[in-house]
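Per-entry structural report
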Amino acid sequence: MAYPSDRKYTKQHEWIQVSGTTGSVGITDHAQEELGDIVFVELPKVGSEVTAGKTFGSVESVKAVSDLYSPASGTVTETNGTLATSPETVNKDPHGSWMMKITLKNSAELDALLSSADYEKFVAEEGGH
Amino acid sequence: MGAKMVDFNGWDMPVEYPASIGGGVINEHMAVRTGVGIFDVSHMGDIRLAGPEALAAVQHISMNDASRLAVGQAQYSALLYPQGTFVDDVIVHRLGEDQYLLVINAGTREKDFNWVRDNTRNFDCAVENLSDDFTQIAIQGPKGVDVLQKLTDADLSTVKFYWVTRGSVCGLKNILIARTGYTAEDGFEIYIPADEAASARVWNEVLSAGKEFAIVPCGLGARNTLRLEGKLPLYGHEISDTINVWEAGLDRFCKMEKPDFIGRAALEKAKAEGVKRTLVGLEMTERGIARDGYKVLNSDSDGREIGYVTSGSPAPFLKKNIALAYGPPAFAAVGTPVKVEIRGQGVGAQVVPTPFYKRPKKA
């Protein structure tokens, strides 16, 4: 699976696509595949602060709850309402399903994230099985 | 087959199969409810009691009344400790005049066998642990009978639910075929000799025979959501060595009119004292999924803890988030509002009738 090069990735399998000072955040295809059918997405309130590397919400499959980690720090400006009624869209289109948009506090944080090539390599190494 | 595997009580088992072959917990669950699914349940244990006093032995350790079983008939029951709490739940099958097969949980195989052997020493009957001798395959769903009929010479139309028969299956002779299961659907469980090659062949033949019915291989994930919708207990959750028969609501499988069985005296006493907690069904009324171990709270402003969730999950067929929970009898009335604590927040739920799902009666 080719990971889009128009964004950066975390080792916790989130992606962030930046436009100006706004970052759109979602989870990768690898993440949705590991999770299985997603039945619930819990997102932060608009206006709340998120911190790079800290949890901003959670995603649930039938069997388990998984935390979501923010790739960058900032203020939440929008959350994707369709995920409340149709959480399965994350499985169908993980790279097209943004979960939250944030106004970046510090763009320099993005430098610490993985490029699509590095993320692809990371997933392949982590895979092993 | 590319399934996501997990360790289950020492067994390497599939949680769910790949979407590319029709798998995924939700797909597998729906296949069993509307068509047919196949499960490898060889992890379950098998104990055979045979001999002149086999019935008396079973009656001593099992709470249901095995004397009601005709040859070829099965019943749900449980083995109890003297305190009236659960060693394990079990399906008792009467295979012959003096022959009974107990099918027990995987996680309690050794404990159960030791318990059965130790508590039947005074009865003239042989107790054998046959758990490793059998591969057990479950074919579950409304189309299960159609699939299995293609592979056996036994006339399945004569086998009622919770009855067994023997016949050739995939060319293997004298195979035990039971119309039982853990999915709250019609279906069969077949017990074939634990020969790896033969077992794999049978598995593949069932998949082939089931192709026209869109058969799906099913893992533990769907096994759990299916049994939860049907309010079938899971050891360690709804039943355990600290929970008694009345609390678990399994009264109808406990025949107190039997002269004696292990646990009877304690249950008599417990009945007189009244239950302090009871198992209820919950349905989430606000957004959230109640899961095993989550606290159940009073829905009043004090939000005090009143119980806990034994099993909770999304219900794929019902499209609701459901749970079984222990709580005080005062909160057990259908419609009672409660809250479930999910990541620190009380989320609204209400008590609903159980089972959550009952399979439709055939016309």
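Residues numbered from 1 in each chain as written. Chains lettered and ligands numbered in written order. Predicted model: local features only at pLDDT ≥ 70, side-chain atom pairs only at ≥ 80, totals over all residues.

Observations regarding the overall build of chain A
- Across its full length, chain A carries four helices and nine strands.
- Ordered by position in the sequence, the α and β elements of chain A form the string β-β-β-α-β-β-β-β-β-α-α-β-α.
- Against the 2.2 N^0.38 benchmark of 14 Å for 129 residues, chain A shows a C-alpha radius of gyration of 14 Å, consistent with a compact globule.
- For chain A, the spread of C-alpha atoms along the three principal axes comes to 40 × 35 × 20 Å.
- Out of the 129 residues belonging to chain A, those deemed buried represent 40%.
- Long-range pairs, those at least 24 residues apart, make up 62% of the contacts in chain A between residues at least 6 apart in sequence. (Helix = DSSP H or I, 4+ residues; strand = E, 2+ residues; numbered from the N terminus. Rg over C-alpha atoms; globule rule 2.2 N^0.38 Å. Buried ≥ 20, exposed ≤ 12 C-beta atoms within 10 Å, placed from the backbone. Contact = placed C-beta atoms within 7 Å.)

Remarks on the environment of Val351(B)
- Relative to the elements of secondary structure, Val351(B) occurs in strand E19 (residues 345–352).
- Setting aside residues no more than four positions away along its own chain, Val351(B) makes contact with Val280(B), Gly281(B), Leu282(B), Phe331(B), Ala332(B), Ala333(B), Val334(B), Gly335(B), Thr336(B) and Val338(B).

Comments concerning helix H6 (residues 220–229) of chain B
Residues and elements named next belong to chain B.
- For H6, the buried fraction is high: nine of the ten residues fall into the buried class.
- If you check which residues of H6 are buried, you get Leu-220, Gly-221, Ala-222, Arg-223, Asn-224, Thr-225, Leu-226, Leu-228 and Glu-229.
- Contact partners of the buried residues in H6: strand E1 (4–8), strand E2 (11–16), helix H1 (25–34), strand E3 (37–40), strand E16 (305–315) and strand E17 (320–327).
- At the C-terminal side of H6, Lys-231 shows a positive phi close to 55 degrees.

With respect to the packing of H1(B) against H6(B)
Residues and elements named next belong to chain B.
- Where H1 meets H6, the axes come as close as 8 Å, and the angle between the chain directions of the two elements is 55 degrees. What the angle tells us is that H1 and H6 run oblique. Crossing angle aside, the handedness with which H1 passes H6 is right-handed. Contacts between H1 and H6 involve Val-25, Glu-28, His-29 and Val-32 from the first element and Gly-221, Ala-222, Thr-225 and Leu-226 from the second. (Axes fitted to C-alpha atoms, helices over the stretch in contact; angles between N-to-C directions. Parallel < 35°, antiparallel > 145°, perpendicular 65-115°, else oblique. Left-handed = near helix turned anticlockwise from the far one by under 90°.)

A closer look at the sheet that holds E17(B)
All names here are of chain B.
- If you trace the six strands once around the closed barrel, you get E14-E17-E16-E15-E18-E19, paired in antiparallel fashion. Taking each pair of neighbouring strands and ignoring which way they run, the sheet shows an average axis angle of 45 degrees.
- Two strands pair when backbone bridges link them, and strand E15 (residues 295–298) and E16 are joined in this way by three bridges, in the antiparallel orientation. What sits directly across from Lys-295, in E16, is Tyr-308.
- The strands that H6 touches are E16 and E17; relative to E16, the one it contacts most, it runs at about 120 degrees. (Pairing = 2+ DSSP bridges.)

A closer look at the nonpolar core
Residue and element names in this part refer to chain B.
- By size, the foremost hydrophobic cluster in this structure holds 125 residues, and its most contacted members are Val-58, Tyr-100, Leu-102, Ile-139, Leu-282, Ala-290 and Val-340.
- For this core, the element with the highest residue contribution is strand E6 (residues 86–96), accounting for six residues.
- Two domains each provide a minimum of three residues to this core, namely domain 1 (4–42 + 133–229) and domain 2 (276–352).
- If we ignore the near neighbours within four places in the chain, the residues touching Ile-139 are Val-36, Ile-38, Gly-144, Val-147, Leu-148, Gly-187, Phe-188 and Val-206. (Core = buried A, V, L, I, M, F, W, Y, C linked by C-beta atoms within 7 Å. Domains from an automatic or database assignment.)

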